[in-house]
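# Coordinate analysis (summary)
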Amino acid sequence: MKTVKIDAKGMHYTPLNQKIRAAIKDGAEEIILDNVLGQRFIGDGLRGNVRIIVNGVPGGDLGIFMSGPTCIVHGDAEHAPGNTMDKGMLVIHGSAGDAVAHSMRGGKVFIKNNIGYRGGIHMKQYDVEARPILVVGGTAHSFLGEYMAGGLVLVLGIGEDKAMTDRGIGSGIHGGEIIIRGEVDDFLLGVGAKKFKFTESDLERIAPTIKNFCEQFGYDPADFLDTNYTRIGPASSRPFASKYVWE
Amino acid sequence: MTLGSVPPKFKVSIDRDQCMDCGRCIENCSYGVYRREGDKILIESRKCTGCLRCVAMCPRDAITLTEKPIDYRSHPLWTREVREDIIKQARSGKIILSGMGNARDLPVIYDRLLLDACQVTNPSIDPLREPMELRTYIGKKPSKLNFRKTESGDVELETKLAPNLKLNTPIMIGHMSFGAISLNAQLSMAKAVTELGTYMGTGEGGLHRDLYPYQDHMIVQVASGRFGVNIDYLERGAAIEIKIGQGAKPGIGGHLPGEKVNEEVSRTRMIPVGSDAISPAPHHDIYSIEDLVQLIRSLKEATEWKKPVFVKIAAVHNVAPIAAGIARSSADAVVIDGFRGGTGAAPKVFRDNVGIPIEVAIASVDQKLREQGVRNEISIIASGGIRSSADLAKSIALGADAVNIGTAALVALGCRVCGNCYRNLCPWGIATQRPELVSRLDPERGAVQVSNLIRGWTMELSELMGAAGINSIESLRGNRDRLRGYMLDEGMLKILDVLPAGA
């Protein structure tokens, strides 16, 4: 495997991203970025199967418009990692800010700890392959899965009494599903979101995702492979169909 | 129903002596006004939208369509429209949905601005024999150019120029998405702009693969729902536009009803078939100018700083300071959409009451950017109710670099502005996804009609400029001296920075 190391210390994001692109062009299969501190747009619009290791804290929009690469962050991430991502994987060994996986359309985003507000907003899916997945090990703030039109958001609540305590879950959701470990109080649901019973077949469906997440962070999947979840989905795929009357 | 029905808006009649009973009216009316019963064609005027398809297709000119005179007691305040809206809402408890642009009888400022013409002392220019420079570059311009001398003594440009769009005419076609309008409508316009050397917008519905051959003349749009946005889409566009607001419905987002989301729309927008396409007003990763900077730069980084990025906002009261913020946000152009801007669907209360006229928005933005010394750093594109080359010339004289047309291009394709775009039944094959209706619009012929319109306006613009003694679009831009206000109040003239007629 051809590995390229880049020291990002004090570097602006544009030259850093240029170096990453140049390394990929030169055939790098793994790129290690050391001393990352707030540089935005790492992985922006990158294609292919390259693996990027980020040592430090990347700035906003990590992996935005990304289509293929895997990016592993040893640290926290700023807001909107996975923004409008098409394919690939982000693994964050820490927490992340707001709007994680905004409009994500494929690939996976795994966050070990917590995320901020509006996680999974506008996530969408349009065929079987293009199914985005966001897994949060800890908890998320309000408006999780807002306007969601496809894909899966899974919140495990590791280390929390309750996986979700913030409101507005799935407001305006019209596709996809939000699965939360344990019980979710009704008053936390947003407009248009509905609770469904989590069944054995649901577990079978999400078990590979749970195993995949646990692999990344060294958890034992057995701790999560039961039906102690709440599934939240859309009350309708046409949430606003009855809102209007013709002129 | 205690409220009963309201009188029909239109009266449709057939001259039975002329009618040859061919049934084309039945075939052509997608709203179901006509039906055959026995040997007679019956008419249900109540269903008529005034789209005029039947009139246009009747081989005997046998159909008459008139707006029906008022059946209510006349009242200056409680008009027919006001009363019918109340009745509709009393029945349904819903938001009234409308199509096309603002339909209120408000004064049009363009019509109260008059262009100048030379007479004796400063002769006019004849565009027939003098070259007229209409080429327009949209994008960032440097505030100054630096040169350096090479060892061989040559002079080289040192300043790095930002990517610009080169327009052969300052007329572009604004963003109307696949989904809201048909693929044949988009294809017609794409062929026209490619032939003319100008650009059109994809709207927020993604880029259909049949439009790839025209991608060098398409501006791809990124709206809050990010429909159809991926790296391939961004790289295909000649430029990228971030849609923040729209003149027809400032402050609210887009919503394509699930009926219009068929297989093709689903694939292009990258959303499930039959589900509503919801694109709320705010981008949920933009809560400040700093956040806007972040999205602009993320788009530039993704495309390696090779493409200009525009930001579209609706014309609202504080449009000038917003534009000043955008000018400093790394954006290459600000697109301002006035309150006459069209739409496939908007709540009627927004369409008719929210926003400000494009004329004042252009003038105040241009003025603010000049005051702040950043006008040269960004282009201004104006849209929202541009109806003629006169509106175009006046927009440029008020400070725009170029205009986007929308409804005018649709009218060139056959649209009769009936305002029922949201019903997916457009009989002209424009605002519909129904294959049998879409096939009524031939993209080849449509392209000729749209390019004829733009070509005609471009020639008229040359003539108007020549008459004003101007031979370059650069000299018309922001040149308020070539405008005079007529029947405009002092306050309005001050905002427009235009003298009254006679001054």
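In the nomenclature of an unreviewed UniProt entry, chain B corresponds to Archaeal glutamate synthase [NADPH] from the organism Methanosarcina barkeri MS. Per UniProt, the comment on chain B under Cofactor (unreviewed entry) is "FMN". Per UniProt, chain B carries the Sequence similarities (unreviewed entry) text "Belongs to the glutamate synthase family."

In the annotation of an unreviewed UniProt entry, the entry for chain A reads Glutamate synthase [NADPH] putative GlxC chain, and the organism field reads Methanosarcina barkeri MS.

Let us look at the sheet that holds strand E22 (residues 483–485) of chain B. Residue and element names in this part refer to chain B. Taking strand neighbours across the sheet as the criterion, the three strands line up as E6-E22-E23 in an open arrangement whose pairing is mixed. Each having just a single partner strand, strand E6 (113–115) and strand E23 (499–500) make up the two edges of the open sheet. Along the sheet, helix H11 (residues 389–398) contacts E6 and E22; its crossing angle with E6, the most-contacted strand, is approximately 95°.

Counting residues at the interface gives 50 residues for chain B, matched by 44 residues for chain A. Carbon and sulfur atoms supply 55% of the area that chain B and chain A bury against each other, a total of about 4100 Å² over both sides. On the chain B side of the interface with chain A, the three residues burying the most area are His-284, Gln-294 and Glu-301 of chain B, jointly 17% of the side's total. At the surface where chain B touches chain A, the tally comes to five salt bridges. As a salt-bridge pair, Asp-276 of chain B and Arg-238 of chain A come within 2.2 Å of each other at their nearest N and O atoms. Linking chain B with chain A are 27 residue pairs in polar contact (both at pLDDT 80 or more), by the criterion used here. Residue assignment for the side of chain B that touches chain A shows that the elements contributing at least two residues are helix H3 (80–92), strand E5 (95–98), helix H5 (231–236), helix H6 (263–269), helix H7 (289–302) and helix H9 (348–353) of chain B. No other element matches the six residues that H7 of chain B contributes to the side of chain B that touches chain A. Along the lines of polarity and charge, the residues of the side of chain B that touches chain A split into 19 nonpolar, 16 polar and 15 charged. Across three bridges, the pairing between strand E12 (residues 244–246) of chain A and E5 of chain B is parallel. Residue Val-245 of chain A lies in a different strand from E5 of chain B, and its bridge partner there is Ile-96 of chain B.

Moving on to a nonpolar patch on the surface. On the surface, Leu-145, Phe-147, Val-155, Leu-157 and Leu-161 of chain B cluster together into a nonpolar patch covering about 480 Å² of accessible area. Mapping Phe-147 of chain B onto the fold places it in strand E8 (residues 147–149).

Where interface size is quoted, it is often the accessible area lost as the parts come together. Residue and element names in this part refer to chain B. Looking at the assigned domains, one finds that chain B contains domain 1 (10–94) and domain 2 (136–142 + 166–474). The straight-line distance from the C-alpha centre of domain 1 to that of domain 2 is 33 Å. Listed by partner, the interface residues are 13 residues for domain 1 and twelve residues for domain 2. For the pair domain 1 and domain 2, the summed buried surface comes to about 1100 Å²; carbon and sulfur atoms form 52% of the total. Of all residues in domain 1, the largest losses of buried area upon contact with domain 2 belong to Ser-30, Tyr-31 and Arg-53, amounting jointly to 48% of the total for that side. Where domain 1 meets domain 2, there are two salt bridges. A salt bridge links Lys-348 to Glu-81; the nearest nitrogen and oxygen atoms lie 2.6 Å apart. Across the domain 1-domain 2 interface, the total number found is seven residue pairs in polar contact (both at pLDDT 80 or more). For the side of domain 1 that touches domain 2, the secondary-structure elements that each account for two or more residues are helix H1 (24–28), helix H2 (53–57) and H3. A per-element tally of the side of domain 1 that touches domain 2 places H2 first, with three residues. Within the side of domain 1 that touches domain 2, the residues separate by chemical class into five nonpolar, four polar and four charged.

Next up on the list: the UniProt feature "binding site: [4Fe-4S] cluster 2" (unreviewed entry) in chain B. All names here are of chain B. Taking the UniProt record as the reference, the feature "binding site: [4Fe-4S] cluster 2" (unreviewed entry) is found at Cys-29, Cys-48, Cys-51 and Cys-54. With the annotated positions falling across 26 residues, the maximum pairwise C-alpha distance of 10.2 Å places them together in a single cluster. Structurally, the position occupied by Cys-29 is in the loop between H1 and strand E2 (34–37). Given a relative accessible area of 14%, Cys-29 falls into the buried group. Within the fold, Cys-48 resides in the loop between strand E3 (40–43) and H2. When near neighbours in sequence (up to four residues on either side) are disregarded, Cys-48 contacts Phe-10, Val-12, Val-33 and Leu-65.

Attention now goes to the pattern of salt bridges. Pairs may arise between side chains of opposite charge once their charged atoms sit close together. All names here are of chain B. Across all of its chains, the model carries 47 salt bridges over all chains by this definition. Across the salt bridge formed by Glu-84 and Arg-80, the nearest N and O atoms sit 3.0 Å from each other. Of this pair, Glu-84 and Arg-80 both sit in helix H3, separated by four residues, roughly a single helical turn. Each member of the pair, Glu-84 as well as Arg-80, carries the same accessibility label: buried. With a shortest N-O distance of 2.7 Å, Lys-300 and Asp-332 are connected by a salt bridge. Taken together, the residues span a long stretch of sequence, with Lys-300 in helix H7 and Asp-332 in the loop between helix H8 (319–327) and strand E18 (333–337) at a distance of 32 residues. The same class applies to Lys-300 as to Asp-332, namely buried.

Moving on: the nonpolar core. Judged by nonpolar contacts, the single largest core of 126 residues is most densely connected at Tyr-34, Ile-173, Met-189, Ile-405 and Ile-430 of chain B. A total of eight residues in this core trace back to one element, the largest contributor, which is helix H4 (residues 183–196) of chain B. Looking at which domains feed residues into this core, each of domain 1 (10–94) and domain 2 (136–142 + 166–474) of chain B gives three or more. Among residues more than four places away in sequence, those in contact with Ile-405 of chain B are Ile-171, Met-172, Ile-173, Gly-174, Met-176, Ile-386, Leu-453, Ile-454 and Trp-457 of chain B. With 49 residues, the next largest nonpolar core counts Ala-77, Ile-92, Leu-134 and Met-164 of chain A among its residues.

All names here are of chain B. Inspection of the secondary structure assignment puts Arg-53 in helix H2. The exposure class assigned to Arg-53 is buried, which follows from its relative accessible area of 8%. Reaching out from Arg-53, the side chain makes a polar contact with the side chain of Asn-28 at a distance of 2.9 Å. A polar contact is formed between the side chain of Arg-53 and the backbone oxygen of Pro-427, at a distance of 3.5 Å.

Reading guide: rules and limits
Residues numbered from 1 in each chain as written. Chains lettered and ligands numbered in written order. Predicted model: local features only at pLDDT ≥ 70, side-chain atom pairs only at ≥ 80, totals over all residues. Heavy atoms only, no water. UniProt positions renumbered as here; feature names shortened; annotations may be inferred. Pairing = 2+ DSSP bridges. Helix = DSSP H or I, 4+ residues; strand = E, 2+ residues; numbered from the N terminus. Contact = heavy atoms within 4.5 Å. Axes fitted to C-alpha atoms, helices over the stretch in contact; angles between N-to-C directions. Buried area = accessible area lost by both parts, 1.4 Å probe. Salt bridge = Lys/Arg side-chain N within 4 Å of Asp/Glu carboxyl O. Polar contact = N/O pair within 3.5 Å; in protein donor to acceptor, adjacent residues only side chain to side chain. Nonpolar A, V, L, I, M, F, W, Y, C, P; charged D, E, K, R; others polar. Patch = residues over 30% accessible without salt bridge, like charges linked within 9 Å, V, L, I, M, F, W, Y side chains within 5 Å. Areas by Shrake-Rupley, 256 points an atom, 1.4 Å probe, with all protein chains shown as cover. Domains from an automatic or database assignment. Buried < 20%, exposed > 50% of the residue type's maximum accessible area, 1.4 Å probe, protein only. Core = buried A, V, L, I, M, F, W, Y, C linked by side-chain atoms within 4.5 Å.

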